[in-house]
Structure formats: structure tokens, C-alpha cells
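The residues making up each chain are set out below.
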Amino acid sequence: MEKIFNHLNESQAAAVKQTEGPVLILAGAGSGKTTTIISRLAYLIEVVGIPASNTLTLTFTNKAAKEMKERSLSMIENVAYPPLLCTFHKFGLLFLKFNIHLLKRANNFVVIDTDDKKRIIKKINSELPTPLIASEISRYKNSLMTPDDAYKQTELFSYKQIAEVFAEYEKYLLENNLVDFDDLIALTYKLLDENPELAKATSQKYQYIMIDEYQDTNELQFKLLQKLCTVHNNLCVVGDDDQSIYGWRGAHIRNIMEFDQDFSGTHVFKLEENYRSRAPILKVANALIEHNRSRLGKKLIATRGNGDDVTTLNSNDENEEARKVAAKIEKLLESGVRAREIAILYRVNVLSRSVEEGLNRYGINYKLVGGLRFYDRAEIKDLISYIRVITNHHDDFSLKRIVNKPKRGLGKASLDKIELAAQKKGTSIYEYITQAPMEELEGLVRKKNAATLKEFAKNIQEVAGIAQASTYEFIDALEETFSLKDIYKNMQDGQERILNIDEFYGLFRDFVKKSPQSSLDEFLNELTLQSEQDQVEGESIYMMSIHASKGLEFEHVFVIGMEEGFLPLTGDGSDLEEERRLGYVAFTRAKETLTLCHAGSRFYKGRRSDLEKSRFFNEAGLCKGSLKCEKNTAFKKGDLVRHKIFGTGRIIGVSKSGREFKLKINFAGTKRDILASFVEKL
Ligand code: ATP
Ligand code: MG
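Residues numbered from 1 in each chain as written. Chains lettered and ligands numbered in written order. Predicted model: local features only at pLDDT ≥ 70, side-chain atom pairs only at ≥ 80, totals over all residues.

Colleague: Report on the overall build of the protein, specifying residues and quantitative values.
Modeller: Across its full length, the protein holds 29 helices and 22 strands. Viewed in the frame of its principal axes, the protein has a C-alpha envelope of about 90 × 65 × 60 Å. Every one of the 682 residues in the protein was classed for burial, and the buried ones make up 40%. Within the protein, contacts between residues separated by at least 24 positions form 73% of all contacts whose residues are at least 6 apart in sequence. (Helix = DSSP H or I, 4+ residues; strand = E, 2+ residues; numbered from the N terminus. Buried ≥ 20, exposed ≤ 12 C-beta atoms within 10 Å, placed from the backbone. Contact = placed C-beta atoms within 7 Å.)

Structure below.
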């Protein structure tokens, strides 16, 4: 009990003790929201005596889930088995394992990642842009639309085409028993929606539900939560409207704004002390976010006392920026700061390259989070494809990736013929190869190839047999049978790839040791769910996108690329308020010092361009006495601006009105006088 309440303030403790009914904890960054829900979980189990298995705690990243689990378990004395504390997607995965049979599907399905999804789409349609189709399919699924709904909903030819791709994509997933990320939640919802008894039983099981980062839930996740609350309303959510940064992915800020209307009798708790950042950092973050209009507006008081002022780092170009950042980091490290307490954040991933070079020159170790992930490397994807085919021989998608790796002399033309023949028979490629008589195969491809294919299928079957008997022996059998390391022996970067493969084998053995009961497909699905944040471990400084930094904290934070066009990102579809929230998330990761960097020019998209300092410097109150800053953020005749109600217009006159500027703006022919603070510069 003491362990739980030792480090909580009054409001936090009150929220912990409010175990019954809907609870909303609404508070700014670093105010101890996450701390509060894990303490609440410990309280429920340890003090109230709720069995751990009757609780469910969800968040958005694996890294966060892992940390939360460790922290809550350290507060609980005796727990027979740990509570379910995981990401929404992991919850969906577990749920589908037990219930997907109700959709007449086998539970040895494989979860595909974004890269797989794109490859499947590209195969179906290579004319329309793949990323567009991928995001539309995601949108349809999150709106619970079938391909038919999507088709009927639009008059546009290209969108009708996208709906058709969606239909084929769904067919492909079903045929190969694949499930994509969106399905993990959409199918879970569908099952609960179509089976009221199941919804009731599931809700009865999870009597106490807690959600971190609630501001980033989308409509589908909200609906799922409603189903989980079928027989009770013990739902506790925590979040911060100012940190909602997934609008582009359909996150619904309304979910948090209207929580008390969705769940009647809500107890609202506000936390107003910030325990993370030194006062000057908080002041800058608060000043920035105050420029947003659609916000609830919360108080956030610094409790950690004064500290260094926020530093602005001006550079002529990205190379100078990289040098300056590296030099500062070197100093920090020399003074005894631990590397893992330093982070470099950016809005767009391309900005990391120049800083990486700078760090390399200074010999500073760094970990790039969300770059080319370990699991995205070609050699690792090949291995994963092997394991996929071994667990599910009918996974044509993966089979095609590996059938000629290592080279077995099978050309694309031969493969196409085999695939077509399989399609005609209505079987998978594997099935076709094993079932077709030798003569039939030889009629399609060269004799030698026919024999190779038969042998390949036989080997797959043998290794699958070993896997079933012992997952531990499986990995050696895989390497022995297919000699996968040999593929890279004579390649230029072969050594590194072989090391990666060994690392993968090591990870596999680890997994088997930790969960000896698990099957191969469980291993695969775990892998696919690894979020980019999982790489944050060990002793090196971190570089990551602002999105990936959510919920984390570091002693020293550098934000690079604070220029118009990069932060805020401007242009089609960008939302200035969401950009500001990203700035707020970035600033509030810092505990001790915050350094904001901008460069006068950058080389990107093949040329060097001059850049303006981000308006966020001015908004955050960091421009006193700096002419350049004021010039860049002042309004002038000819500027394009946006008004919440009147839309986009052009400034045709500027005059002073008290301490503010009054603008005359032409909105599509209608001229209006408007105070400068009511519009955004585009
Ligand atoms: P974010 O909005 O970034 O997710 P948060 O509100 O979840 O932040 P936490 O991560 O829970 O905040 O806490 C921020 C820091 O403050 C942590 O280092 C935590 O240990 C510390 N902290 C939380 N509550 C208290 C408290 N009552 N007294 C002292 N320190 C606290
Ligand atoms: Mg948190």
C-alpha cells in the first residue's frame, strides 16, 4: 500500500482510489498520468483484491506497455500471474487467437506488416499510387466499411478503382489467412458486435479497464471500448488533448473532449503539477501550445524548480547544425551525463541523415529509432518468410519471396506459370507443387526446375515436422536444410548480413527459452507487432521522430529542423494546430535542458533551399530582440492566411490595433477586418 501512495500527490491518489465507474484523468505533459494509472492498477490488485486477470490496461506502444508493466509489478507484492497490459493491437491479436474461428477462419493466421501490405497492393494494382491505396484501405477498415460500401460511396472513377483493389486485397488476405494491423482491431470489434454473448462474456472478464494516451484513440477503438464495457462502466482513461498527434491516422480528439458525455457519471480528475521539466522548459512549451484554439486549456505548474534557459541554436546549414549538436552532446557526455538520457528529435525522418554524419565524426554512439528497422532488412524478411511458409504452407505471398533464395535457378517466368496453374486448380502454390504429378510440372517448367520445386516442398514439410516436435531444434534445422547464411557469403556487405541472421537466430532462441509453450506463429506475430519504439534500449543517445517519442522522457533534448516547412510541416493536408501539438510533445520530453535548432538552408529533394525560422520560436516566446524572427512571423500584404470560419484568404492590408495587428483580408471576394491572432499564416 505504501509503495503505491508514496509518490503520489493528492489528486493522483484520489484518482487511484476512484475504482468504480467511468474516470477521466485529464492533464498536461509530465503531470504523472501514466504514473497514476499504473498505481491504480496496482491498487486494484493489491488493495481492493481484484484478480489481475479481471483487469485490462491498454496503451499505444510496446515500449510504453513494457515499462508500465515493470513499474506496476514492482508495486505488487504477490501476484500469481501478471495483469494484461499491452497495446491495442496486441489485445486484438490475443482476442483473435481465441475467437477468430467464429468468423470461420483458422487461428494460425499471420499478421502482415505495412511493407507486406504495400507489396500485396502493388501486385493487385501498380497504376495508382500504392501509399494512397494503402491509406484508403486503412481508412475504410477503420470506418468498418466493406469493399462494397467503399465502392458505392464514391462517384469518382479512381476511388471506385481503389474500392476494387480493396476487394481483391481482402480476398487475398482471406485466401492466405493473413491479417493486417487494422484487422487486429476491426475484426475484434466485428466479433464483439456480431456476438452479443461474446461481448458480454468479454466485458465480464475485464471488469476494470484502463487506457493511457486516450487522446490518440480513433473512432473504431472507441467503439471497441464501448463493447468491452457492455456489462459495466469501470473505464478509466488518461490523456492530454494537447498531445493528440495522430489526427492523420483518424484519432478523434472528440473521444477525450466528450468522454463525460459518452459515459455518464464520469469522475473527472485534473493533475496540474509537472514533475518532469525544469521551469524554463515548461514555460516555453506552455507558451507555444497556448496559440492553439481548439483545446480545453489546462494549468501546468512546474515543480522541479528553475534551470537552464531553453537554448536556440542558429546555423547556416544542416552541416553546421550537425556539428554544433554533436559538439554539445560531446560536452554533456564528458560531464558524466548518461548517453541514454540524451535524445535528438525531428518532425520528418529525412532530417536525421546530416546529424548522423555529425555524430559519426565525433565518434558518438547513437541509435536511430524507426529508421531501417532490424526486421525490415532484406535478409531478416527472407528468414521471416521461411518461417511463415513453414507454419502456413499456403502462404503464397511468402513462398514466392523465398522459393528462389538461395538461388535455385527458378526464373520469374517459371514461377508465374506455376502460380497460374495453382490458381486454375484453386490451390496454393505449395499444394500444387506437392500434388501435381512430375510430368505435369515438367510440362510447365524445365525438368531440372520441376525436381527442384519438389525437393523444396519436401524440405519445407520436413522442417515443419521438426518445428512441431520442438521449436528449439527448429532453428538449427532451418539453417541446416536451407543454408541461408550461404546466400550472403560472397556479397559485399555479406558479413554484416550474416551477423544479422545470427542475431535473429539468437532472438529466436531467447523467445523459445522465455515461452517454451509458444508455437512458431506466435513468435511471428510477436515480431510483427514490435513497434519502432522497441529499439530504445542500451547505452547510446537516441534519434527519433517526435511521434515515436510520445510518453518518453530524457534529461537533454535537441529538436532539429525547426524551420517553416519542417516544423511546422506546411502544405497540403497539414494542420497547424497538430503541428503545434507535435512541438509541445517534443518540448515536454525534456527534463533538464532543451535545445531548439534551426538552419538557414538545407539540401533536400535534390537541391539547396533557403528556409525561414519556425514561427514556433516566436510563439514560444523565444524571439525577444531577434529581428529575423519577428520579420518572419509578422503578417504582410500578399500573405495567404487561414481563418477557422472564413477559410483561406489573402492579406490586402495591415494596420495596428492596440497591441495587435488588424488585417484586412480578402476571402474569396469578401473583404473582412480581422485581428491577426485569429488567423494562421499559411
Ligand atoms: P506524458 O504526458 O508525457 O505521457 P505523464 O503525464 O504520463 O507524461 P509520467 O510519465 O507519469 O507523466 O510522469 C512524469 C515524471 O514525473 C516521471 O518521471 C514520474 O516518475 C514523475 N512523477 C509522477 N508523479 C509524481 C509525483 N507525485 N511526485 C514526483 N514525481 C512524480
Ligand atoms: Mg504518459
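Now that the structure has been shown, we can carry on.
Colleague: Mind laying out the confidence of the model for the protein, listing which residues take part and the relevant values?
Modeller: As a general rule, the predicted coordinates of low-pLDDT regions are not to be interpreted in detail. Put simply, the protein has an average pLDDT of 88, and 95% of its residues get 70 or more. Taken together, the chains of this predicted complex give a pTM of 0.79 and an interface ipTM of 0.99. (pLDDT = per-residue confidence, 0-100.)

Colleague: Please provide a residue-by-residue account of the environment of asparagine 62, values included.
Modeller: Tracing the chain through its elements places asparagine 62 in helix H4 (residues 62-73). We classify asparagine 62 as partly exposed; it has 19 C-beta atoms within 10 Å.

Colleague: Before we move on, could you go through the domain arrangement of the protein and cite the residues and values that matter?
Modeller: Looking at the assigned domains, one finds that the protein contains domain 1 (1-93 + 187-271), domain 2 (111-176), domain 3 (301-365 + 536-620), domain 4 (376-517) and domain 5 (639-681). Taking the mean C-alpha position of each, domain 4 and domain 5 sit 63 Å from one another. (Domains from an automatic or database assignment.)

Colleague: Got a sec to walk through the site of ligand 1? Specific residues and values, please.
Modeller: Lining the immediate surroundings of ligand 1 are 18 residues, of which Gly32, Lys33, Thr34, Thr35 and Tyr275 lie closest. When residues in the shell around ligand 1 are grouped by element, the largest group, three residues, is from helix H3 (residues 33-48). Residues of the shell around ligand 1, tallied by class, amount to four nonpolar, 10 polar and four charged. (Near = placed C-beta within 6 Å. Nonpolar A, V, L, I, M, F, W, Y, C, P; charged D, E, K, R; others polar.)

Colleague: Summarise the pairing of strand E7 (residues 235-239); cite the residues concerned and give the values.
Modeller: The buried count for E7 comes to five of five residues, which makes it a mostly enclosed element. In this structure, strand E1 (residues 23-27) lies alongside E7, joined through four bridges in parallel fashion. Within E7, the position partnered with isoleucine 25 by the bridge is valine 238. Relative to E7, strand E6 (residues 208-211) runs parallel, the two being bridged by three bridges. Bridged to isoleucine 211 within E7 is valine 237. The handedness of the E6 to E7 crossover, carried by helix H12 (residues 219-228), is right-handed. (Pairing = 2+ DSSP bridges. Right-handed = clockwise from strand over helix to strand, strands pointing away.)

Colleague: Just give me the short version of helix H23 (residues 447-469), but keep the residues and values in it.
Modeller: The first and last C-alpha atoms of H23 sit 34 Å apart over 23 residues, in line with the 33 Å expected at 1.5 Å per residue. For H23, the full list of buried residues reads Asn449, Ala450, Leu453, Phe456, Ala457, Ile460, Val463 and Ala467. Each element contacted by the buried residues of H23 is listed here: helix H18 (378-391), helix H20 (412-425), helix H21 (429-435), helix H22 (438-444), helix H24 (471-482) and helix H26 (520-529). (Expected span 1.5 Å × (residues − 1).)

Colleague: Any details on helix H9 (residues 157-175)? Residues and values, ideally.
Modeller: With 19 residues, H9 ought to run about 27 Å at 1.5 Å a step, and its terminal C-alpha atoms sit 27 Å apart, in line with that. When H9 is considered as a whole, its buried residues turn out to be Ile162, Ala163, Val165, Phe166, Tyr169 and Leu173. Summarising the axial view, the buried residues of H9 lie within an arc of 160°, below the 170-degree limit, and thus occupy one face. Pointing more than 90 degrees away from the buried face of H9 are the exposed residues Phe157 and Lys171. On its buried face, H9 sits against helix H6 (114-124), helix H7 (130-142), helix H8 (147-153) and strand E5 (178-179). Positive backbone phi, at 50°, marks asparagine 177, one or two positions downstream of H9. (Arc of directions from axis to C-beta.)

Colleague: Give me the lowdown on the sheet that holds E6, citing residues and values where you can.
Modeller: The strand order E3-E2-E6-E7-E1-E8 describes an open sheet built from six strands, whose pairing is parallel. Only two strands of the sheet have a single neighbouring strand rather than two, namely strand E3 (84-87) and strand E8 (267-271). Within the sheet, the average angular offset between the axes of one strand and its neighbour, ignoring direction, is 15°. (Axes fitted to C-alpha atoms, helices over the stretch in contact; angles between N-to-C directions.)

Colleague: Which residues make up unusual backbone geometry, and what values go with them?
Modeller: Note that the residue after lysine 405, namely proline 406, is joined by a cis bond; omega there is -5°. The step from leucine 567 to proline 568 runs through a cis peptide bond, and the omega angle for that step is 5°. The phi torsion at asparagine 177 lies on the positive side, around 50°, for a residue other than glycine. Summarising the element assignment, asparagine 177 is placed in the loop between H9 and E5. The exposure class of asparagine 177 is partly exposed, given the 17 C-beta atoms found within 10 Å. Of note, serine 483 is a non-glycine position whose phi angle comes to about 45°, a positive value. Take serine 483: it is sitting in the loop between H24 and helix H25 (494-514). For serine 483, a count of 11 C-beta atoms within 10 Å translates into the label exposed.

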